[in-house]
Amino acid sequence: MLSKNIEQLLQDQVKKEASSSQTYLAMACWADTKGFEGAADFLYAHSDEEREHMLKLIKFLNERGSQATVAALDAPKKDFNSLMEVFKSILEHEIVVTESINNIITNCLAGNDHLTNNFMQWYMNEQMEEEQLARSIIDKLEMIGSDTGSLYLFDKELAGLASAEH
Ligand code: FEO
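Analysis parameters
- Residue positions are counted from 1 within each chain, in the order its sequence is given.
- Local features in a predicted model are, by the rule used here, given only for residues with pLDDT of at least 70; side-chain atom pairs are given and counted only at 80 or more, and totals for whole chains, interfaces and linings are based on all residues.
- The side-chain values count all of the structure's non-hydrogen atoms but skip hydrogen atoms and water molecules.
- Counted as salt bridges are all cases of a side-chain nitrogen of Lys or Arg within 4 Å of a carboxyl oxygen of Asp or Glu.
- The classification of residues rests on relative accessible area computed with a 1.4 Å probe and restricted to protein chains. Under 20% of the type maximum is buried, over 50% is exposed, and intermediate values are partly exposed.
- We count a stretch as a helix when DSSP gives it H or I for four or more residues in a row; a strand needs E for two or more, and each element gets its number in order from the N terminus.
- Contacts are assigned to residue pairs that have any heavy atoms within 4.5 Å of one another.

**Student:** Sorry, what's going on with the pattern of salt bridges here?
**Tutor:** Note that side chains of opposite charge can pair when their charged atoms are close. The tally for this structure, following the rule as stated, stands at three salt bridges. When the shortest N-O distance is used, the salt bridge between E85 and K77 registers 3.3 Å. Overall, E85 belongs to the partly exposed group, its relative accessible area being 23%. Exposure remark for K77: the relative accessible area of 48% places this residue in the partly exposed category. We note a salt bridge from R135 to E131, for which the minimum N-O separation is 3.2 Å. Of this pair, R135 and E131 both sit in helix 4 (residues 114-144), separated by four residues, roughly a single helical turn. On the accessibility criterion, R135 (37% relative accessible area) is partly exposed. Here E131 falls in the buried class, since its relative accessible area comes to 13%.

Right, here's the structure in full:
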């Protein structure tokens, strides 16, 4: 059985992953209608990945004697000024998610919940990859600056990154 504390933290994390999925879906819609088809592919794929993260947590909760809650979500931001703004918000968002996962692990260790700690390590690795990817995309967008030709090519490259994700 999960402790009440860990159960609540995991339930909150379910909501955060669901909200991440919706956030990326809204970003994908923005990109799709602004001519950034590659970025849209990347963001649709990322939205699916976040849903997978949510499902994995839901199944863990259900298998450990709890019942996962599917919570109501606030509507995500839908308008952006640039691809740079989109990826900067992704990085900020993922940093907050990493802190949240780190906090769950801290609580697992304090409560001697090694099983949940072990389960959450997968999320920690995933976060490291996601933050690193967002940073490298921001670096490239910085290099591109206002060069629309390069931005066009980079958008195509982003579609490739979507299929390289798992
Ligand atoms: Fe599943 Fe990107 O947090």
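**Student:** For this particular structure, what's the right way to read the environment of L43?
**Tutor:** Within the element layout of this structure, L43 appears in helix 2 (residues 37-63). On the accessibility criterion, L43 (0% relative accessible area) is buried. Linking L43 and K140, residues 97 residues apart in sequence, is a C-alpha distance of 17 Å. Residue contacts for L43: discarding those within four places in its chain leaves Y24, M27, A28, A31, V86 and I90.

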